[in-house]
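Residue strings, one per chain:
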Amino acid sequence: DIYPSLIRSDARLDYESVAAFLDGGDGDDLPEEVLDPLRWARTAAARIGAARTGRGGVRLLREEVKFVLDADGEPVDAEARHTNSAHLLIERLMVAANEAVARWMHARGLPGVFRVHPAPEPDAVQSLVRSAQLAGFEPGLGAQLSPRALAAFEQQFADTPQAPAMYAVLAQALGPARYTVHPESHFGLGAPVYLHFTSPIR
């Protein structure tokens, strides 16, 4: 259910410490009171991930670049910030919260600003197929692209050196999502209705 609430933060965590705990049980850098909730959050995220695998769609996570600044605030270096298990946990819980609120509002006929993403045009799909084949992949997307076919294609390249380039090509083929007051589906996520109740990726 949805109701007015307040959140009291007992600890401030970072992605690296949480990932170290989730991946290897190393909780030395984390307060004791957050360890059990993190285990349950991991369980919830795993179940959400299993459900999303069945319906298809792609992950929202992308590699980011972190700029290193000097004492004057000038950029002196750029470092790749890689996705870890903590990022994936947050992404799954965030998407689930956004979908739940969107469904709740839509079921009650409440107005809102929804995030919709139409299916890509056939020409964009063909361009994606050609680019994938040039990179050594056979997408197998079929005559009409579906979120499940998209998810299966992502699994082919997600953990390969070509992943950053393939995600860029995929994003171009899928095109941008948009905000609208008319609730429609989000193709990229395989979601029947979606909105940004939470801040994106945060």
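Owing to the predicted nature of the structure, the values given are computational and were not obtained by experimental measurement. (Residues numbered from 1 in each chain as written. Predicted model: local features only at pLDDT ≥ 70, side-chain atom pairs only at ≥ 80, totals over all residues. Heavy atoms only, no water.)

Student: Hey, could you run me through the overall build of the protein chain in this one?
Tutor: In terms of regular secondary structure, the protein chain is built from 6 helices and 4 strands. In the protein chain, the succession of helices and strands from N to C terminus is α-α-β-β-α-β-α-α-α-β. Seen through its principal axes, the protein chain has C-alpha atoms that stretch 50 × 50 × 35 Å. Expressed as a percentage of the 202 residues in the protein chain, the buried residues total 34%. A sequence separation of at least 24 residues applies to 65% of the contacts in the protein chain between residues at least 6 apart. When the accessible surface of the protein chain is split by element, carbon and sulfur atoms take 54% of a total near 12,700 Å². Across the protein chain, 19 positive and 26 negative side-chain charges occur, with their mean positions spaced 9 Å apart. (Helix = DSSP H or I, 4+ residues; strand = E, 2+ residues; numbered from the N terminus. Buried < 20%, exposed > 50% of the residue type's maximum accessible area, 1.4 Å probe, protein only. Contact = heavy atoms within 4.5 Å. Areas by Shrake-Rupley, 256 points an atom, 1.4 Å probe, with all protein chains shown as cover. Lys, Arg positive; Asp, Glu negative; His and termini not counted. Charge placed at Lys NZ, Arg CZ, Asp CG, Glu CD.)

Student: What is the right way to look at the packing of helix H5 (residues 147–157) against helix H6 (residues 163–174) in this model?
Tutor: Packed helices, taken two at a time, are described by the angle between their axes plus the distance between the axes. Two elements in contact, H5 and H6, have axes whose closest approach is 10 Å; the angle formed by their N-to-C orientations is 160°. Here H5 is positioned roughly antiparallel relative to H6, judged by the angle of their axes. Seen along the crossing, H5 lies across H6 with a hand that is right-handed. Here Leu150, Phe153, Glu154 and Phe157 of H5 come into contact with H6, specifically with Ala163, Met166, Tyr167, Leu170 and Leu174. Grouping the constituent residues of the contact of H5 with H6 by class yields 8 nonpolar, no polar and 1 charged. (Axes fitted to C-alpha atoms, helices over the stretch in contact; angles between N-to-C directions. Parallel < 35°, antiparallel > 145°, perpendicular 65-115°, else oblique. Left-handed = near helix turned anticlockwise from the far one by under 90°. Nonpolar A, V, L, I, M, F, W, Y, C, P; charged D, E, K, R; others polar.)

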